[in-house]
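Structural overview
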Amino acid sequence: MDGIRIPADVAEEAGVPDDLDSGRLGPYRFPSPDRRRIGARVYLAAGLLAVFGALANLGAGLWVVAIGLLALAYVHYSTAWPLAIGQERALDMAAALTPFPVGHASAALGFVGGRSRPVWNLVLYSAENPPRFRALVRIDAVSGRRIDEVYTEQLEQPA
């Protein structure tokens, strides 16, 4: 099986955005977490409207709404990290850190900490067929620094 495949008509009916459609031809680019700033601006605008409404005595409950919306705006803005290191660059950096020639590799973006800092989790296999070694490399997607020591292990060979 070559990954999850969704028929084009189902994806279109479900409204899957082009940047999340895995069936699209060409290289896949992970959407940057800094898109969260769009939501932060919407929550900020709505929160300010609620503050003005509360100041105009349109209801005491608007203060609760305003505080909630402004808190959401802060959370969205503080977690909107720019994705400075793309998948291809992260794979190149990880390959340079492994002690063996790399064959197949896989990258997945994860998020760590309370502010959801993006981290590339990369699994790399040696170039032999079948691969003899596997490595896990974690790279900060904002700064490009290696997070942990490179974990390598020797794979069992079929008899």
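Below is a summary of the structure that appears in this document. Note that residues are indexed from 1 along each chain, following the sequence as it is written. Since the coordinates come from a predicted model, pLDDT governs what is reported: local features require at least 70, and pairs of side-chain atoms require 80 or more to be given and counted, while whole-chain, interface and lining totals use all residues. As a convention, hydrogens and water are excluded, and side-chain values are obtained from all of the structure's heavy atoms.

**Points about the nonpolar core**
We define the nonpolar core as a collection of buried residues of types Ala, Val, Leu, Ile, Met, Phe, Trp, Tyr and Cys that are connected through side-chain atoms lying within 4.5 Å of one another. Classification of residues uses two cut-offs on accessible area relative to the type maximum, computed with a 1.4 Å probe and protein chains only: under 20% is buried, over 50% is exposed, and between them is partly exposed. Among the nonpolar cores identified, the biggest contains 12 residues, and these are L83, I85, A90, L91, A94, L109, W120, L122, L124, V137, I139 and A141. Counting only elements with at least two residues in this core, the list comes to α4 (87-97), β2 (117-126) and β3 (133-140). By the convention used here, residues are in contact when the closest approach between their heavy atoms is within 4.5 Å. Ignoring sequence-local partners within four residues, the contact set of L109 consists of F30, L83, P118, V119, W120 and A141. Here a strand is any run of E in DSSP of at least two residues, a helix any run of H or I of at least four, and the numbering for each starts at the N terminus.

**Describing the packing of aromatic side chains**
Planes of paired rings set the category: under 30 degrees apart is stacked, over 60 is edge-to-face and the rest tilted, where pairs are Phe, Tyr or Trp rings (Trp by its six-membered ring) whose centres lie within 6.5 Å. All told, the structure shown has one aromatic pair when counted by the stated rule. Summarising the aromatic geometry, the rings of F100 and F133 are spaced 5.8 Å apart at their centres and angled 20° between planes, so their arrangement reads as stacked. A residue pair is termed long-range when its members are at least 10 positions apart, and F100 in the loop between α4 and β1 (102-112) and F133 in strand β3 qualify at 33 residues. When the NZ atom of lysine or the CZ atom of arginine is within 6 Å of a ring's centre and also within 35 degrees of its normal, the charge is said to sit over that ring. Its end group placed over the ring of F111, R36 keeps NZ or CZ at 5.2 Å from the ring centre. In this arrangement the basic side chain of R117 is found over the ring face of W81, its NZ or CZ atom lying 4.4 Å from the centre.

**Re the environment of G68**
Along the chain, G68 falls in helix α3 (residues 61-78). You can call G68 partly exposed: its relative accessible area is 31%. Between the alpha carbons of G68 and G47 there is a distance of 7.7 Å; along the sequence they are 21 residues apart.

**So, the environment of A95**
Tracing the chain through its elements places A95 in helix α4. On the basis of relative accessible area, A95 is assigned to the partly exposed category, the value being 31%. Taking the C-alpha atoms as reference points, A95 and L124, 29 residues apart in sequence, are found 7.5 Å from one another. Other than its neighbours up to four places away in sequence, A95 contacts V102 and L124.

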